[in-house]
Amino acid sequence: MDKNSQEEFTQIVKFEPPLYKQRYQFVKDLVEKYKPKKVADLGCADCTLLWMLKFCSCIEVLAGLDICANKMKEKMHTLSPLPVDYLQPSERSLTVTLHHGSVAHKDPCMLGFDLVTCIELIEHLEESELKKFPEVVFGFMAPSIVVISTPNSEFNTLLPGVKLFRHPDHKFEWSQAQFQSWALETARCYDYSVEFTGVGHPPTGMEKIGFCTQIGVFLRKYPQTGKSVQSEKPTEAVYKTVFKAVYPSLKDEKYLQKAVIREVIFTAEIIKHRFMSKREEYSDDPERKPKSQPSMDYFSDYLGKLVIEKNMEPFVSGNEVYIPLTTIFSCPKVKRLCGTFEKLCKLIAGKVTLSSDGSAVMFNIEHENE
């Protein structure tokens, strides 16, 4: 291709969405496919990828590592729980931790991860660090999946203003052949397979140049035994933890209890309101059927169609109205939260006003009509 044609392509190369978003979306799609529970992002920088991944429901542990603590600290607040996370705790647990350190060093806090991402990282490594990198990531950490992305130097001729490397901190940029040679040798040494792909398509007619960002997806061939991990485990931590957030979760008994109490009171209030409204209708019209023959119409819009037995009927005694716990437990959301009726009773004991035998939620209605 002549120089004029190449200059024409240089002017029209534009990625939509931006290339960094395509890289992050690639990782997110991979997470959706493999459903890892524990994910570590090496070279996490401003934590953008970690922020995206915290919304993936399968992930329970997120960790970031970077050599520059200041970059992480600038944006690490985006990884903290929001008020809504406390008001509506998730059913899954989630812990997010950021570490300051080098990918050339081993630290036990990085063991046990399912997926490790290295997005635009290796080209920033010094030669000595790059030599240690495979042993740390593939030998020591040994996750099930490793994703590595790096610039494709063959694409640089199409990028305006790029003379040698795309970023002043890059120590090298590999061609497709160089990256694939390194990746295949690394995979062979540590019993991984590797597939090559990328993001940022070249212009039509220049497909041989390859993707702007080349990506290798490494899959571990054999499960790693706990014995081999322990034999290499360092005795001391070398990374410094700069941030940790534990999200509220219904797996935590205290958050589960609060959610159950809130739902029980809300459900009981709805049932009581409908029950009392229906009761007043009957008292105003003596010809109507007595309340002793119950109908579920008065709370069917909230609880759905439930089969109500006699011991599940709300009832009034003096100035008190009683909503049986069996009725409340029939609510799908309450049942899903508690699992068993026994668990419901345990969680609300001493936290909700109950009848003397503990079988019903009790409300005083003495001032109900004032």
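Residues numbered from 1 in each chain as written. Predicted model: local features only at pLDDT ≥ 70, side-chain atom pairs only at ≥ 80, totals over all residues. Heavy atoms only, no water.

The chain has the name Small RNA 2'-O-methyltransferase in an unreviewed UniProt entry, where Erithacus rubecula is given as its organism. Regarding the chain, the UniProt comment filed under Cofactor (unreviewed entry) reads as follows: "Mg(2+)". Regarding the chain, the relevant UniProt record gives this comment under Sequence similarities (unreviewed entry): "Belongs to the methyltransferase superfamily. HEN1 family." (UniProt positions renumbered as here; feature names shortened; annotations may be inferred.)

Trainee: Hey, could you go over unusual backbone geometry for me, with residue numbers and the actual values?
Mentor: A cis amide bond links glutamate 16 with the next residue in sequence, proline 17, at an omega value of 0°. One can find proline 17 in the loop between helix H1 (3-12) and helix H2 (19-34). The backbone of cysteine 47 sits at a positive phi, close to 70°, despite the residue not being glycine. Secondary-structure assignment places cysteine 47 in the loop between strand S1 (38-42) and helix H3 (48-53). Given the relative accessible area of 0%, cysteine 47 is considered buried. (Helix = DSSP H or I, 4+ residues; strand = E, 2+ residues; numbered from the N terminus. Buried < 20%, exposed > 50% of the residue type's maximum accessible area, 1.4 Å probe, protein only.)

Trainee: Residues and numbers for the sheet that holds strand S11 (residues 360-364), please.
Mentor: Think of a sheet as strands paired side by side through backbone hydrogen bonds, with each pair either parallel or antiparallel. Pairing is antiparallel in the open sheet, where three strands are placed in the order S9-S10-S11. Only two strands of the sheet have a single partner each, and these edge strands are strand S9 (315-317) and S11. Within the sheet, the average angular offset between the axes of one strand and its neighbour, ignoring direction, is 30°. Across five bridges, the pairing between strand S10 (residues 320-324) and S11 is antiparallel. By the bridge assignment, valine 321 is partnered in S11 with phenylalanine 363. (Pairing = 2+ DSSP bridges. Axes fitted to C-alpha atoms, helices over the stretch in contact; angles between N-to-C directions.)

Trainee: Any details on the pairing of strand S3 (residues 95-100)? Residues and values, ideally.
Mentor: Of the pairings in the sheet, the one linking strand S2 (residues 61-66) to S3 comprises six bridges and is parallel in character. Looking across to S3, one finds that glycine 64 is bridged to leucine 98. Relative to strand S8 (residues 240-246), S3 runs antiparallel, the two being bridged by six bridges. Its bridge partner lying in S8, histidine 99 is registered against threonine 241.

Trainee: So what's going on with the environment of phenylalanine 363? Which residues, and what values?
Mentor: Structurally, phenylalanine 363 is set in strand S11. On a C-alpha basis, the gap between phenylalanine 363 and valine 316 in space is 9.5 Å, while along the polypeptide they are 47 residues apart. For phenylalanine 363, the contacting residues outside a window of four places in its chain are Ala268, Glu269, Lys272, Asn319, Glu320, Val321 and Ile323. (Contact = heavy atoms within 4.5 Å.)

Trainee: I'd like to hear about the sheet that holds S3, residue by residue, with values.
Mentor: On the basis of which strands lie adjacent, the open sheet formed by eight strands has the order S6-S7-S5-S4-S1-S2-S3-S8 and mixed pairing. Among the strands making up the open sheet, the edge pair consists of strand S6 (192-199) and S8. Between one strand axis and the next, the sheet turns by 15° as a mean value, whatever way the strands run. With eight bridges joining them, S6 and strand S7 (residues 213-220) adopt antiparallel strand pairing. Bridging across to S7, valine 194 finds its partner in phenylalanine 218. H2 contacts strand S4 (115-119), strand S5 (145-151), S6 and S7 of the sheet and is inclined by roughly 20° relative to S7. Along the sheet, helix H6 (residues 127-141) makes contact with S1, S4, S5, S6 and S7, crossing S5 at roughly 160°.

Trainee: How would you sum up the packing of aromatic side chains? Please name residues and give values.
Mentor: Scanning the model with the defined rule gives 15 aromatic pairs in all. Plain terms: the ring middles of phenylalanine 138 and tyrosine 190 are 6.3 Å apart, the flat faces sit at 25° to each other, and that makes the pair stacked. Highlighted residues: phenylalanine 138 in helix H6 and tyrosine 190 in the loop between helix H7 (176-189) and S6, separated in sequence by 52 residues. The class of phenylalanine 138 is buried, set by a relative accessible area of 3%. A residue is classified by how much of its surface remains accessible, and tyrosine 190, at 24% relative accessible area, is partly exposed. Here phenylalanine 329 and phenylalanine 341 contribute two aromatic rings whose centre-to-centre distance is 5.7 Å and whose plane-to-plane angle is 80°, an arrangement assigned as edge-to-face. (Phe/Tyr/Trp six-rings, centres within 6.5 Å; stacked < 30°, edge-to-face > 60°.)

Trainee: For the confidence of the model for the chain, give the residues involved together with the corresponding values.
Mentor: For the chain, per-residue confidence averages 87 on the pLDDT scale, and 84% of positions sit at 70 or higher. Scored below 50 in pLDDT, residues 1-11 shows 13 contacts in the model against residues more than four places distant or in partner chains. For the stretch residues 290-310, pLDDT sits under 50, and the model shows 29 contacts to residues farther than four places along the chain or on other chains. (pLDDT = per-residue confidence, 0-100.)

Trainee: Pulling in residues and values, what's your account of the pattern of salt bridges?
Mentor: Taken as a whole and assessed by the stated rule, the structure comprises eleven salt bridges. In this structure, lysine 131 and glutamate 127 form a salt bridge, with 4.0 Å as the shortest nitrogen-oxygen distance. Of the two residues, lysine 131 and glutamate 127 both sit in helix H6, four residues apart, roughly one turn of that helix. Each member of the pair lysine 131 and glutamate 127 is classed as exposed. With a shortest N-O distance of 3.3 Å, lysine 343 and glutamate 253 are connected by a salt bridge. (Salt bridge = Lys/Arg side-chain N within 4 Å of Asp/Glu carboxyl O.)

Trainee: Tell me about the nonpolar core, residues and numbers included.
Mentor: Counting 41 residues, the largest nonpolar core has Val31, Leu53, Ile59, Leu98, Val147 and Phe155 as the members making the most contacts within it. Elements represented by at least two residues in this core include exactly H2, H3, S3, S4, S5, S7 and S8. Broken down by element, this core gets its largest block of residues, six residues, from H2. Not counting residues up to four positions away in its chain, the partners in contact with valine 31 are Pro36, Leu53, Cys56, Cys58, Ile59 and Leu115. (Core = buried A, V, L, I, M, F, W, Y, C linked by side-chain atoms within 4.5 Å.)

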